[in-house]
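The lines below spell out each chain.
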Amino acid sequence: MTHVLDPDALSREGRPLPEPLEPFSDVTRSDAAFRAFLHGLPGVDQVGAEARTNVLGTRSIKTTAKAWAIDTAISMVDLTTLEGSDTPGKVRSLAAKARRPDPEDLTCPSVAAVCVYGDLAGVAKEALAGTGIHTAAVATAFPSGRASRAVKLADVRDAVAGGADEIDMVIDRGAFLAGRYLDVFEEIVAVKEACRRPGGQGRAHLKVILETGELVTLDNVRRASWLAMLAGGNFIKTSTGKISPAATLPVCLVMLKAVRDFRTATGHQVGVKPAGGIRTTKDAVKHLVMINETVGADWLSPDWFRFGASSLLNDLLLQRQKLRTGHYSGPDHVSVD
């Protein structure tokens, strides 16, 4: 692995580029071409997006559909702890909850992944062994993304070597907002290459965090979504959870439409992960309704949609217990992470 303090690391990395996806084989040939493509995407009607999400948010679902929605949402959770005070013990406790969210009900599904800082990826991987639950790790100088590319790539390799199945990277928002789109594109490409596991075991999945709260406009959200997908991101993710606003329904709507249009144009399907501020079952159900109405059932799977959350799971469990028993349990009936 390249040492993070090696001054020659960046020059040795070079600037790897992926095979362009048809019909976009020439859009990254230059800064000017890429800017023309991204700014040529259809504009987003912000008022229309907000109105659409308001309408979808009022949809009611029957009890049987609600039970399905709660279990589906649980299976989509990336159970997350990203605090400076995190310890191996806390990660093991979180992994135990991920495996069996409700110890009193063995029919309750497991979550999709446990998301931690890269230095704790090995702890999570060991605790989740044999469960099928993924280990996700944040990297690339999360949450700011303010580091040299050599440091970011070393961060990714360290997390992958530690056992991360998925890498959540942050884009350089400063470069994006300055219009240096090709720089951002090439960094994502380099990070994806750094996700390669040793021994020819493929790559860790790459989730690209756009930090939409700093992108200012929904037009920028659409441009950043397309940029990340063209660079090879397996998922596009709204936020780090450290910036407000984080995941909002209009932002998620724009990203869902982007992945839908991208698959129509290229045949490649990309996942979506809203993160930050999604705390209640009602919030989760609104997202599931929006998925169904916007991109269809193909994305109603943890393979293609995730919730980045720390407190959402507890509310889902309480609502699930209510459906099963007919009464609400107190907050002490679920573990506090």
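Residues numbered from 1 in each chain as written. Predicted model: local features only at pLDDT ≥ 70, side-chain atom pairs only at ≥ 80, totals over all residues. Heavy atoms only, no water.

**Details of helix α11 (residues 249-266)**
Line of reasoning, step 1. The end-to-end C-alpha distance of α11 is 26 Å, a good match for the 26 Å that 18 residues give at a rise of 1.5 Å each.
Line of reasoning, step 2. Buried within α11 we find L249, P250, V251, C252, L253, V254, M255, L256, A258, V259, F262 and T266.
Line of reasoning, step 3. In this structure, the buried side of α11 is in contact with α3 (46-56), α10 (218-230), β6 (235-237), β7 (271-273) and α12 (281-294).
Line of reasoning, step 4. Phi for G267, located one or two positions after α11, is positive at around 85 degrees. (Helix = DSSP H or I, 4+ residues; strand = E, 2+ residues; numbered from the N terminus. Expected span 1.5 Å × (residues − 1). Buried < 20%, exposed > 50% of the residue type's maximum accessible area, 1.4 Å probe, protein only. Contact = heavy atoms within 4.5 Å.)

**Things to note about the pattern of salt bridges**
When charged atoms on two side chains of opposite charge get close, those side chains can pair.
Line of reasoning, step 1. Per the stated rule, a full pass over the model turns up 26 salt bridges.
Line of reasoning, step 2. The salt bridge partner of R306 is E166, with a shortest N-O separation of 2.8 Å. Placement of R306 in the loop between α12 and β8 (307-309) and of E166 in strand β4 (residues 166-170) is noted, with a sequence separation of 140 residues between them. Exposure class is identical for R306 and E166. Each is buried.
Line of reasoning, step 3. Salt-bridge contacts for R263 lead to D298; the nearest nitrogen and oxygen are separated by 2.9 Å. With R263 in helix α11 and D298 in the loop between α12 and β8, this residue pair connects regions lying 35 residues apart in the sequence.
Line of reasoning, step 4. For R263, a relative accessible area of 28% puts it in the partly exposed group.
Line of reasoning, step 5. The exposure class assigned to D298 is partly exposed, which follows from its relative accessible area of 44%. (Salt bridge = Lys/Arg side-chain N within 4 Å of Asp/Glu carboxyl O.)

**What about the sheet that holds strand β5 (residues 205-209)?**
Line of reasoning, step 1. Reading across the sheet, the 8 strands line up as β7-β6-β5-β4-β3-β2-β1-β8 and stay open at both edges, with parallel pairing between neighbours. Looking along the sheet, the strands with just one partner apiece sit at the ends: β7 and β8. Mean inter-strand twist for the sheet, computed between neighbouring axes without regard to direction, equals 25 degrees.
Line of reasoning, step 2. Sheet topology note: the strand β2 (residues 113-117)/strand β3 (residues 134-139) ladder contains 5 bridges and is parallel. Looking across to β3, one finds that Y117 is bridged to V138. (Pairing = 2+ DSSP bridges. Axes fitted to C-alpha atoms, helices over the stretch in contact; angles between N-to-C directions.)

**Describing the nonpolar core**
In globular proteins that are soluble, nonpolar side chains generally tend to be buried together.
Line of reasoning, step 1. Grouped together as the largest cluster of nonpolar side chains are 99 residues, with contacts concentrated most on F34, F37, I167, I188, W226, L227 and F307.
Line of reasoning, step 2. Top contributing element to this core by residue count: α11, with 10 residues.
Line of reasoning, step 3. Excluding residues that lie within four positions of it along the chain, I167 makes contacts with A137, A139, V156, A159, V160, C195, A204, H205, L206 and K207.
Line of reasoning, step 4. A136, F142, V170 and I209 belong to the second-largest nonpolar core, a separate cluster that totals 7 residues. (Core = buried A, V, L, I, M, F, W, Y, C linked by side-chain atoms within 4.5 Å.)

**Focus: the environment of G145**
Line of reasoning, step 1. Relative to the helices and strands, G145 is located in the loop between β3 and α7 (149-161).
Line of reasoning, step 2. A residue is classified by how much of its surface remains accessible, and G145, at 1% relative accessible area, is buried.
Line of reasoning, step 3. As a C-alpha pair, G145 and M169 span 24 residues in sequence and 8.3 Å in three-dimensional space.
Line of reasoning, step 4. The contact partners of G145, leaving out residues within four places of it in the chain, are T140, K152, V170 and R173.

**Regarding the confidence of the model for the protein**
Line of reasoning, step 1. Taken as a whole, the protein shows an average pLDDT of 91; of its residues, 91% reach a score of 70 or greater.
Line of reasoning, step 2. Between residues 1-16, whose pLDDT stays under 50, and residues either more than four places distant or in other chains, the model counts 19 contacts. (pLDDT = per-residue confidence, 0-100.)

**A few points about the packing of helix α2 (residues 31-39) against helix α9 (residues 181-194)**
Line of reasoning, step 1. Between α2 and α9, the least distance of the axes is 8 Å, while the angle of their chain directions is 95 degrees. It follows from the interaxial angle that α2 and α9 lie roughly perpendicular. Between α2 and α9, the contacting residues are D31, F34, R35, L38 and H39 on the first element and Y181, L182 and F185 on the second.
Line of reasoning, step 2. For the contact of α2 with α9, the per-class residue count stands at 5 nonpolar, 1 polar and 2 charged. (Parallel < 35°, antiparallel > 145°, perpendicular 65-115°, else oblique. Nonpolar A, V, L, I, M, F, W, Y, C, P; charged D, E, K, R; others polar.)

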